[in-house]
Structures are given as structure tokens and as C-alpha cells.
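Structural description and commentary
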Amino acid sequence: MTKMDMIERFYGRNEELERKFEAAEKAGDAKTMDACQDAYQDLLQEVRAEGEAFGDMMRLYSDMKKHGNSRLDLSGTYREPEKILETFREFGVTEFTFSSTWSSAIQVAWEFTQMGCTLEGMTEIYGSGRKLMSNEYEKVPAYLFSL
């Protein structure tokens, strides 16, 4: 099993726990809610046991799925771009988007190219912000990179 397969399985387990918890909450089933919370804490421990890079990838994968994107997106500030690229390579990631609006974003994008990434162009992705009075995520521009 690849590391990305493991991420997908953990994500699936997390989704199932969320569904069970929501159903239990609607039904007022405190016992099942407690069991879901305990199982979620166990899941977090399993993810943590896989290491920091695995946890970072789990967060990026969860964000990708939650927002409805098809590629992992880097939207924050990255002071160590070589570290995230090393992780991406370790996990078999071949493409990613970079939608950071931090003042250092263009410098980090340049560093990605200097470390072997190809800037394929730009695309639009769903960001973390939601449209006003909606559950829909707003679209934002992003650089598209391949490794």
C-alpha cells in the first residue's frame, strides 16, 4: 500500500466517523457520539504515529477533498519549500497548485522552479473562503506546478 493509499483510507475513516457523529447528534445518541469522538482521537493518534510529513499530507488531502479540488493546494506561507517538495515526491504527488497570497509567494514559486518543478501555468481552484451566505467555496487563482 502506498502512502497516498494510506492517506485516502484515513480520510475515508474520518468521513465515516463524521457521518456517524452527525447522525448520532440528530438522534440525541450521546453514547454513539462519545464513541465517535473516542474513535476520532484514536485516528488522530494513528496519523501522528506516521510522522510529521504524513500529518501534513493528511491535512492537505483533507482540505483538497473538503474544498472540491482535484490537486493538493499550498495556500499558506512556506519557509522551507524544499521540505514540502521532498514530502510530495515521497508520497508520489506529480502535480499541485500554489494559491498563497502571502508577500513571499512569488519568491516561493520561483524556488519551486529552481528545485525542479515546472510551472505549467495558472488555474482556478476552490479556496478556503466561502461565498457570502453560501456553503460554496470561492474560486481563487493558483499556479499549477508539476514535479
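Our structure's up above, just so we're on the same page.
Now for a quick tour of the structure. Keep in mind it's a predicted model, so treat the numbers as computed, not measured.

Two side chains bearing opposite charge may form a pair once their charged atoms approach each other closely. What the rule picks out here adds up to 6 salt bridges. A salt bridge links glutamate 46 to arginine 13; the nearest nitrogen and oxygen atoms lie 2.8 Å apart. Here glutamate 46, found in helix H2 (residues 30–49), pairs with arginine 13, found in helix H1 (residues 3–27); they are 33 residues apart in sequence, far enough to count as distant. Judged by its relative accessible area of 34%, glutamate 46 falls in the partly exposed class. Given the relative accessible area of 37%, arginine 13 is considered partly exposed. Residues glutamate 95 and arginine 71 are paired through a salt bridge, measuring 3.0 Å at the closest nitrogen-oxygen approach. Here the residue glutamate 95 occupies a position in strand S2 (residues 95–98), and arginine 71 occupies one in the loop between helix H3 (52–67) and strand S1 (72–74), the gap between them amounting to 24 residues.

This part takes up the packing of H1 against H3. When two helices pack together, their arrangement is given by the angle between the helix axes and by the axis-to-axis distance. Running from N to C, H1 and H3 cross one another at 60 degrees; their axes reach a closest spacing of 10 Å. The orientation of H1 relative to H3 falls into the category oblique. In terms of crossing hand, the pair formed by H1 and H3 is right-handed. Along the contact surface, H1 presents Lys3, Met4, Met6, Ile7, Glu8, Phe10 and Tyr11, while H3 presents Phe54, Met57, Met58, Tyr61, Ser62, Lys65 and Lys66. Broken down by class, the residue content of the contact of H1 with H3 amounts to 9 nonpolar, 1 polar and 4 charged.

It is worth spelling out the sheet that holds S2 at this point. Taking strand neighbours across the sheet as the criterion, the 4 strands line up as S1-S2-S4-S3 in an open arrangement whose pairing is mixed. Strand pairing shows two members of the sheet lacking a second neighbour, S1 and strand S3 (118–130), which therefore form its edges. Each neighbouring strand pair of the sheet contributes to a mean axis angle of 35 degrees, computed without reference to strand direction. Where S3 meets strand S4 (residues 137–146), 9 bridges bridge the pair, whose relative direction is antiparallel. Each bridged residue has a counterpart across the sheet, and for glutamate 124 the counterpart in S4 is proline 141.

Inspection of helix H5 (residues 105–114) places Ala105, Val108, Ala109 and Phe112 among the buried residues, and these make up the whole buried set. Buried residues along H5 cover an arc of 105 degrees about the axis, so they all sit on one side. Within H5, the exposed residues directed more than 90 degrees away from the buried face are Ile106, Trp110 and Gln114. Structurally, H5 contributes buried residues whose contacts are with S1, helix H4 (81–91), S2 and S4.

Take the packing of aromatic side chains next. Considering all chains together, one arrives at 10 aromatic pairs under this definition. Where phenylalanine 98 meets tyrosine 143, the ring centres are 6.5 Å apart and the plane angle is 15 degrees; that geometry is what we call stacked. Taken together, the positions of phenylalanine 98 in strand S2 and tyrosine 143 in strand S4 put the pair 45 residues apart, joining distant regions of the chain. Note on phenylalanine 98: relative accessible area 2%, which makes it buried.

Cut-off values and rules
Residues numbered from 1 in each chain as written. Predicted model: local features only at pLDDT ≥ 70, side-chain atom pairs only at ≥ 80, totals over all residues. Heavy atoms only, no water. Salt bridge = Lys/Arg side-chain N within 4 Å of Asp/Glu carboxyl O. Helix = DSSP H or I, 4+ residues; strand = E, 2+ residues; numbered from the N terminus. Buried < 20%, exposed > 50% of the residue type's maximum accessible area, 1.4 Å probe, protein only. Axes fitted to C-alpha atoms, helices over the stretch in contact; angles between N-to-C directions. Parallel < 35°, antiparallel > 145°, perpendicular 65-115°, else oblique. Left-handed = near helix turned anticlockwise from the far one by under 90°. Contact = heavy atoms within 4.5 Å. Nonpolar A, V, L, I, M, F, W, Y, C, P; charged D, E, K, R; others polar. Pairing = 2+ DSSP bridges. Arc of directions from axis to C-beta. Phe/Tyr/Trp six-rings, centres within 6.5 Å; stacked < 30°, edge-to-face > 60°.

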